[in-house]
Structure formats: structure tokens, C-alpha cells
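# Report on the structure
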2 protein chains.
Amino acid sequence: MNKATDKVKGKKVFLIGGVPMDMDNCPVRDVMDHIAGKWNSLMILTLADGPLRFSELRRLIPDISQRMLTQTLRDLQRDGYLSRTVYPTQPPSVEYGLTDLGRSFLALLRPFVDWSVANHEAIRKARAEYDAAA
Amino acid sequence: MNKATDKVKGKKVFLIGGVPMDMDNCPVRDVMDHIAGKWNSLMILTLADGPLRFSELRRLIPDISQRMLTQTLRDLQRDGYLSRTVYPTQPPSVEYGLTDLGRSFLALLRPFVDWSVANHEAIRKARAEYDAAA
DNA sequence: CTGGATCCAAACTGATACTG
DNA sequence: CAGTATCAGTTTGGATCCAG
């Protein structure tokens, strides 16, 4: 009935929505694991309107630590979601902005934002009911 | 230029794509923080084709520990993404399936899956280049 | 201003053993 | 079968100090 694990050309695969995925190199898992962090998507959303500087980002996301800000920016830059531009001023200023890949991903995030707003109450209610039952 | 932090009716807000978000109760952050885990979205995708039992899920996702499987199912159930049905057989069997909310979220996940497949190579390439530059 | 380095606490994960 | 309990290892995150 639900034959989700099978073999295709000798490789172990995993069916996601009917699409076979190579278990050992699953694009979805790879992308997810790197974007699913607490700050990653929020960072991309924050940069939606244009490039921002390090200090601006720290101000706009008050509850991120400097360490996490640096790390998140590095991770996203490494995966190609955003670019880092250094301006040789004194003192130096650095701007972070979305790349084409980043903007492409941002497009995916927007429906998610709308969905979250639309369903937040339902989720909060579900949570409250679950906790009450316990 | 980028006036992302402002005040609306005395509340600190955060602009996401032009939409003001209450910082202290941001739906996007709340939903994200609970769905962004390593296994959550994968679990929803795995249940896309219909309800599955505990042992079936463990078999379909071989690299999840029993502990994480239990915990992931609990979390998703608590937030209303999936339902848990116990059948009074001997030995007992339990089925997990998507709720309407879960299916609604699944619809959001599908474009993400397609995007991951389409852009996986670009990301791998960006990573390789970044690492090479270092 | 933009981080890098270090130390420490907390959270997350996995392996194992055990129960109704 | 479907979990719970426990413990150890790993990772994550925050605070602080420092440097180009």
C-alpha cells in the first residue's frame, strides 16, 4: 500500500510526494538542514527589501547574539543565498544582500509567511487543547 | 531607507515583506521555530500519502532514533499538524495521519521540495567555491 | 564598525535498556 | 507494538573580551 522505500537502479530511495529521492544525497534534506535553523529564514526575510549592514541587522533582530548573527550570515553566504560586500571606508562597513538564489528562495518564503499569519491562531488553539488534555 | 523597526499602536513591530509583525508574538517565528526542526517537515512529507504506523515510520526514516520519532510525532500532534489514532488490537497499533492543518502545510512544502531539487546543484557549487576561497 | 576567540550553560541527539 | 527512562556525547547559544 505505502511502498515508500524501494530501490531504483540499485540506490536506496525515499518517496517524497511520489518523487523518488536518493536517501544518501537527498536535496530536500540537504537544503532543509541548512535553512531550517532558527535564524536563517528570518535573515532572508529581513534582507527582502534590500542590503543591510551588520550593525543594522543586529538592531533589526534584537534578540540575536552577535555570534549567531555572524554565523548565520556566514552559513547563508556559503550556500549562496547572500552576498557580502566590503566598503573600504574608515571604519569599514559591510553590506549583506540577497543573491539571485536568495531572492528565489525568498519567493518561497512569502507563502509561508502568509500561511503562518493565517493559521497561527489555529495552532495556538491546538496547542492549548493538547496541553489541557494532558 | 529601510525603516524595518517601527511602532504601531505602541507595539514594537518587525516588517516582513512590508507586513508589520508583532515582535513579541510573531506568527512567523512561532510557526518556524516549531516546524524548522530536523525531522518535522520530513515527517509531514512522509505522511503525505496517508496515515502510517509508528513502526512503519521508523522503517521509512531509518536514520531517526526512536526517541526523536516519538518526540517529533508529539510536537506535530500538539501543534495540530497530525492526528494520533489508537486501535485497540492486541498488540496495540497506532496510526498517525495528517490533519487538515497538516495537509494545508503540506501544500506549502511541495514547492519547497521542487525548489530544493532544482537548486541543489547551485547550492553545492556555491559551497564548494566558498570553501575553496577560504 | 565588523567581527574573531574563548569560556560556559543549555538544548539536542542517539544508544541502550526496560515496560504495558 | 508502541512507547518510557536514563545516560553520555555532541551541538548550539549566549556573554565577554579583544583586534583590525
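What you see is a predicted model; the values in this text were computed from it and never measured.

Rules behind the numbers
- Residues numbered from 1 in each chain as written.
- Chains lettered and ligands numbered in written order.
- Predicted model: local features only at pLDDT ≥ 70, side-chain atom pairs only at ≥ 80, totals over all residues.
- Heavy atoms only, no water.
- Least-squares fit on C-alpha atoms with pLDDT ≥ 70 in both.
- Contact = heavy atoms within 4.5 Å.
- Near = heavy atom within 4 Å.
- Polar contact = N/O pair within 3.5 Å; in protein donor to acceptor, adjacent residues only side chain to side chain.
- Helix = DSSP H or I, 4+ residues; strand = E, 2+ residues; numbered from the N terminus.
- Buried area = accessible area lost by both parts, 1.4 Å probe.
- Salt bridge = Lys/Arg side-chain N within 4 Å of Asp/Glu carboxyl O.
- UniProt positions renumbered as here; feature names shortened; annotations may be inferred.
- Buried < 20%, exposed > 50% of the residue type's maximum accessible area, 1.4 Å probe, protein only.

Turning chain B through 180° and shifting it by 0.0 Å along the axis lays it on chain A, with an RMSD of 0.1 Å. Seen this way, the second copy is the image of the first under a two-fold rotation axis. Minimal C-alpha distance to the rotation axis in chain B is attained by Ala36 of chain B, lying at 2.3 Å. The residues that chain B uses at the interface reappear at the interface of chain A in 100% of cases, marking a shared surface.

The full set close to DNA strand D counts 17 residues, and Arg53, Ser55, Gln66, Arg84 and Tyr96 of chain B are the nearest of them. Sugar plus phosphate, as a fraction of atoms of DNA strand D within 4 Å of the protein: 59%. Take Arg67 of chain A: an N or O atom from its side chain is 3.1 Å from a base oxygen of DNA strand D. A distance of 2.5 Å separates a phosphate oxygen of DNA strand D from a polar side-chain atom of Tyr96 of chain B. Secondary-structure elements contributing two or more residues to the surface near DNA strand D are helix H4 (66–78) of chain A together with helix H3 (54–60), helix H4 (66–78) and strand S6 (93–98) of chain B. Looking at the surface near DNA strand D element by element, the count peaks at four residues for H4 of chain B.

To continue, consider the interface of chain B and chain A. Counting from both sides, the interface comprises 57 residues of chain B and, opposite them, 58 residues of chain A. Here chain B and chain A share an interface that buries about 5,400 Å² over both sides, 64% of which is from carbon and sulfur atoms. Among the residues chain B hides against chain A, the three largest losses belong to Arg78, Trp115 and Arg127 of chain B. Together they make up 13% of the total. Our count for the chain B to chain A interface comes out at eight salt bridges. Notably, a salt bridge pairs Arg127 of chain A with Asp30 of chain B, separated by 3.1 Å at the nearest N-O pair.

Our next topic: the UniProt feature "domain: HTH hxlR-type" (unreviewed entry) in chain A. When the UniProt feature table is mapped to this numbering, "domain: HTH hxlR-type" (unreviewed entry) covers residues 26–124 of chain A. Overall, residues 26–124 of chain A shows 62% helix and 14% strand. The separation of its end C-alpha atoms is 32 Å.

This paragraph deals with the pattern of salt bridges. One pass over the structure, following the stated rule, counts 12 salt bridges over all chains. For the salt bridge of Glu121 of chain A with Arg124 of chain A, the shortest nitrogen-to-oxygen distance reads 3.4 Å. Of the two residues, Glu121 of chain A and Arg124 of chain A both sit in helix H5 (residues 100–133), three residues apart, roughly one turn of that helix. Classification of Arg124 of chain A by relative accessible area gives partly exposed; the value is 36%. What you see here is one network of salt bridges that share partners, running through Asp30 and Asp79 of chain A together with Arg127 of chain B.

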